[in-house]
Amino acid sequence: MSDNPAARPAAPVVERRGLLARLARARPTQPGEIYGVPGAGETRMLSIATIAVLIFIWWLSTTLGWVKPLFVPAPQAIVQDFVTILRRGYTGEPLWLHVGISTARVFGAFMLACLIGIPLGLAMGISPVMRGIFDPPIEFYRPIPPLAYLPLMIIWFGIGETSKVLLIFLSVFAPVALGARSGVRSAAIEQIHAAYSFGATRWQVLMRVILPSAMPEILTAMRIGIGFGWTTLVAAEMVAATSGLGYMVLSASQFLQTGIVIMGIIVIAAIAYMFDLIMRMLERRLVPWKGRM
Amino acid sequence: MADVELKHVSKRYAHGRQTTETLRDVSLRVGDGEFVSLVGRSGCGKTTLLRIVGGFVDADGGDVLVDGSPVTRPGSDRGMLFQHPMLFPWLTVLDNTLFGPRATGRHSPQARARAMELLQIVGLGGFEFHYPKQLSGGMMHRAAFARAMMAEPKILLMDEPFGALDALTRAGMQQFLLDLWNRRRFTVILVTHDVEEAVLMSDRVAVMAAGPGQIIETIPIDLPRPRSYEMSETPEFVQLKRRVRQSVERARGKAPVSVMNPTAGH
Ligand SMILES: Nc1ncnc2c1ncn2[C@@H]1O[C@H](COP(=O)(O)OP(=O)(O)O)[C@@H](O)[C@H]1O
Ligand SMILES: [Mg+2]
């Protein structure tokens, strides 16, 4: 604006503030957008590009012989392994059976954990007696890695399905119960008071105010829980299993079939991701009222 | 019948080892069908007093009687309108309004029709199926008002219900409340910081002082009913307004006009 030469040098200084300053500066609102929502914006294209680049680097490094196929087989070799196992199965069982058994173990344990964990968590949230009783055991076992108490499970429950499902159950149960418990505090005390002043009973306040308020947190806990379930799967299937994706990965690794190991990992990741998508859909369905603005 | 009687009510809040005396020796009688306002600067314990009558907070000392029986818990005889709308975000505006009838098993097509009518009256026609997050602040307050009226409480406790509304909407809501009260004559305790509102609506205005909260004066408002906004320019109205304002000013100096006086009037 000014023609005063003394004011001139100030301008480049502003421009030289660099990337950090530009990141820190607020952007103007784009059409159809709410100003200042953290992390707003589309990420799909970037994600797809990232995956494509990673696969390309993988392909490049195997094709150019930077790594031995024993350590990292080429992407196309893994597709081949996948097709072979799809046709002929693995150790005599078809692939869908391995997938089905693993899914049943994780999903069964997850359902059981929700069925017990959500009511128990809610009860812990609203009752000091329940909290007093169940807080110590849950807080005691929660930080212990499942692998550490796996031997105990085997000694107590044998090598059948019980110990496998129980192990997964325990890893899902703690986050779900604690999520439900802290969700109880989501209801504002005035909302609870309002409900009472409309003649609601204690039970109605629980079911119609506290539970819906806790719903978003419960659903988030369920999402985290099922993630833990898949994480624990391989550990659970280390126990004398003869089927399941975890078993497939472990036994393939013993025969140095790296391709099958990686393929198994990708299949587990894909199924876990599908579950996550379902949970997110459930979230949109059940708590459409949640969200900013 | 629905009268409220506070006798020598006191309340302390504890913060760690310290306690603050929020209410000291508050006595107030609100007769059946009477409209009483509580005015006083913020922090003088108006909300606390209302919560005690609502049964949400326990008084440390004194008696709180509704229809002669002590208050021990909230009840649908006492409707409460909070400072914040406190709608249930997971319910639509209509379902918020129908929360009470559903909870008490009085839900019916008539109740639904009445809810729709109430929403129409408070200017939310066409927004029945919106979620609270889709409303403006003032609209949420009006929805909360409709929801409170739906329960047809015998006693209505209101904590600065119109404070967040724009002047035009506020005038409309005040008129609506006045008309409704004229027809149904429920008992009202209205907390407000708006002296004009207090004079316009009330039979009596109780002026509170802070630290510790106490009622320093109760001023009868002998204006004819039914009332409307046109009255606010009459000399009587202006004079009463001045009187209340002076009392509020005196309350800043925290000198009770007469310790024996608070329950007087009417
Ligand atoms: N839940 C609470 N815990 C501790 N102190 C409180 C609580 N509620 C109110 N107080 C104290 O009581 C006093 C009166 O508060 P309040 O009744 O909200 O006043 P008002 O509604 O007149 O503004 C304030 O000093 C406040 O700090
Ligand atoms: Mg207040």
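These numbers were taken from a predicted model, which means no experiment stands behind them.

Rules behind the numbers
Residues numbered from 1 in each chain as written. Chains lettered and ligands numbered in written order. Predicted model: local features only at pLDDT ≥ 70, side-chain atom pairs only at ≥ 80, totals over all residues. Heavy atoms only, no water. Helix = DSSP H or I, 4+ residues; strand = E, 2+ residues; numbered from the N terminus. Contact = heavy atoms within 4.5 Å. Areas by Shrake-Rupley, 256 points an atom, 1.4 Å probe, with all protein chains shown as cover. Domains from an automatic or database assignment. Buried area = accessible area lost by both parts, 1.4 Å probe. Salt bridge = Lys/Arg side-chain N within 4 Å of Asp/Glu carboxyl O. Polar contact = N/O pair within 3.5 Å; in protein donor to acceptor, adjacent residues only side chain to side chain. Nonpolar A, V, L, I, M, F, W, Y, C, P; charged D, E, K, R; others polar. Near = heavy atom within 4 Å. pLDDT = per-residue confidence, 0-100. Buried < 20%, exposed > 50% of the residue type's maximum accessible area, 1.4 Å probe, protein only. Pairing = 2+ DSSP bridges. Axes fitted to C-alpha atoms, helices over the stretch in contact; angles between N-to-C directions. Phe/Tyr/Trp six-rings, centres within 6.5 Å; stacked < 30°, edge-to-face > 60°. Lys NZ or Arg CZ within 6 Å of the ring centre and 35° of its normal. Arc of directions from axis to C-beta.

On to the overall build of chain A. In terms of regular secondary structure, chain A is built from 12 helices and zero strands. Listed by position from the N terminus, the elements making up chain A come as α-α-α-α-α-α-α-α-α-α-α-α. Counting contacts in chain A only where the partners sit at least 6 residues apart, residues at least 24 apart contribute 69% of the total. When the accessible surface of chain A is split by element, carbon and sulfur atoms take 69% of a total near 17600 Å².

One frequently used descriptor of interface size is the decrease in accessible area upon assembly of the parts. Residue and element names in this part refer to chain A. Per the domain assignment, the segments making up chain A are domain 1 (44–73) and domain 2 (81–286). For domain 1 versus domain 2, the separation of C-alpha centres amounts to 32 Å. Domain 1 puts four residues into the contact, and the matching count from domain 2 is four residues. Together domain 1 and domain 2 conceal approximately 330 Å² of surface at their shared face, both sides included; 78% is due to carbon and sulfur atoms. The largest per-residue losses of area from domain 1 upon contact with domain 2 belong to W58, L70 and P73, which jointly make up 86% of the total buried on that side. Taken together, the connections running from domain 1 to domain 2 amount to zero salt bridges. On the surface where domain 1 and domain 2 come into contact, there are one residue pair in polar contact (both at pLDDT 80 or more). Partitioned by chemical class, the residues of the side of domain 1 that touches domain 2 number four nonpolar, no polar and no charged.

Turning to the interface of chain B and chain A, a few remarks are in order. Every contact between the two is made by 23 residues of chain B and, on the other side, 21 residues of chain A. Among the residues of chain B in contact with chain A, W90(B), F99(B) and K133(B) are the three that bury the most area, contributing 32% of the side total. Among the salt bridges present, the one from E190(A) reaches R51(B), with a minimum N-O distance of 2.9 Å. Taken together, the links from chain B to chain A amount to six residue pairs in polar contact (both at pLDDT 80 or more). Of all elements in the fold, only β6 (78–81), α3 (99–103) and α5 (137–150) of chain B reach the threshold of two or more residues within the side of chain B that touches chain A. Tallying contributions element by element places α3(B) first for the side of chain B that touches chain A, with four residues. Counted by class, the side of chain B that touches chain A contains 14 nonpolar, four polar and five charged residues.

Quick look at the site of ligand 1 now. Residue and element names in this part refer to chain B. In the region of ligand 1, the neighbouring residues are Y13, H15, T22, S42, G43, C44, G45, K46, T47 and T48. The separation between an oxygen atom of ligand 1 and a polar side-chain atom of T22 is 3.1 Å. Between K46 and ligand 1, the recorded distance is 2.9 Å, taken from a backbone N or O atom to an oxygen atom. Protein contact buries 62% of the 560 Å² of open area that ligand 1 shows by itself. Of all the secondary-structure elements, those providing two or more residues to the shell around ligand 1 are β1 (4–15) and α1 (46–54). For the shell around ligand 1, the element with the most residues is α1, which contributes three residues.

Across chain A, the average pLDDT comes to 88, with 89% of residues at or above 70. Across residues 10–14 of chain A, confidence stays below pLDDT 50; counting only partners more than four residues off in sequence or on other chains, it has zero contacts.

Residue and element names in this part refer to chain B. Applying the stated criterion across every chain yields a total of 19 salt bridges over all chains. In this structure, R204 and E34 form a salt bridge, with 2.7 Å as the shortest nitrogen-oxygen distance. With R204 in strand β9 (residues 204–209) and E34 in the loop between β2 (18–30) and β3 (35–39), the pair connects residues that are 170 residues apart, well separated along the chain. Each member of the pair, R204 as well as E34, is classed as buried. Two residues, E217 and R243, come together in a salt bridge whose shortest N-O distance is 2.8 Å. Pair noted here: E217 is in strand β10 (residues 214–220) and R243 is in helix α8 (residues 235–252), with a separation of 26 residues, a long-range link. Residue classification places E217 among the buried positions, given a relative accessible area of 6%.

A few words on the pairing of β6(B). Residues and elements named next belong to chain B. On β6, burial covers both faces: R78 and M80 on one face and G79 and L81 on the other are all buried. Pairing analysis gives four bridges linking β6 to strand β7 (residues 155–159), with the strands arranged parallel. Across the sheet, the residue bridging to L81 is M158, located in β7.

Moving on, we get to the sheet that holds strand β4 (residues 61–66) of chain B. Residues and elements named next belong to chain B. Strand order in the open sheet made by the four strands is β2-β1-β4-β5, with antiparallel pairing throughout. Of all strands in the sheet, those with a lone pairing partner are β2 and β5 (69–70), marking the two edges. Examined bridge by bridge, β4 and β5 share two bridges and lie antiparallel to one another. Counted as the bridge partner of L65 is P70 from β5. Taken strand by strand, α1 contacts β1, β2 and β4, and its axis lies near 115 degrees from that of β1.

Below, the discussion takes up the packing of aromatic side chains. For any two aromatic rings, the description comes down to two numbers: the centre-to-centre distance and the angle of the planes. A complete count under the given rule lists 16 aromatic pairs over all chains for this structure. An angle of 45 degrees between the planes, with centres 5.5 Å apart, marks the rings of F107(A) and F275(A) as tilted. Here F107(A), found in helix α5 (residues 95–126), pairs with F275(A), found in helix α12 (residues 258–286); they are 168 residues apart in sequence, far enough to count as distant. The class of F275(A) is buried, set by a relative accessible area of 11%. Through a chain of ring-to-ring contacts, the aromatic side chains of F198(A), W289(A), F88(B), W90(B) and F99(B) assemble into a single cluster. Just above the ring of Y13(B) sits the side chain of K11(B); from NZ or CZ to the centre is 5.3 Å.

Residue and element names in this part refer to chain A. Among the residues making up helix α7 (residues 146–157), those that are buried are Y149, L150 and M153. The arc enclosing the buried residues of α7, seen along the axis, measures out at 140 degrees, which places them on a common side. Relative to its buried face, α7 has exposed residues pointing more than 90 degrees away, namely A148 and I155. Along its buried surface, α7 packs onto α6 (128–141), α8 (161–183) and α10 (202–236).

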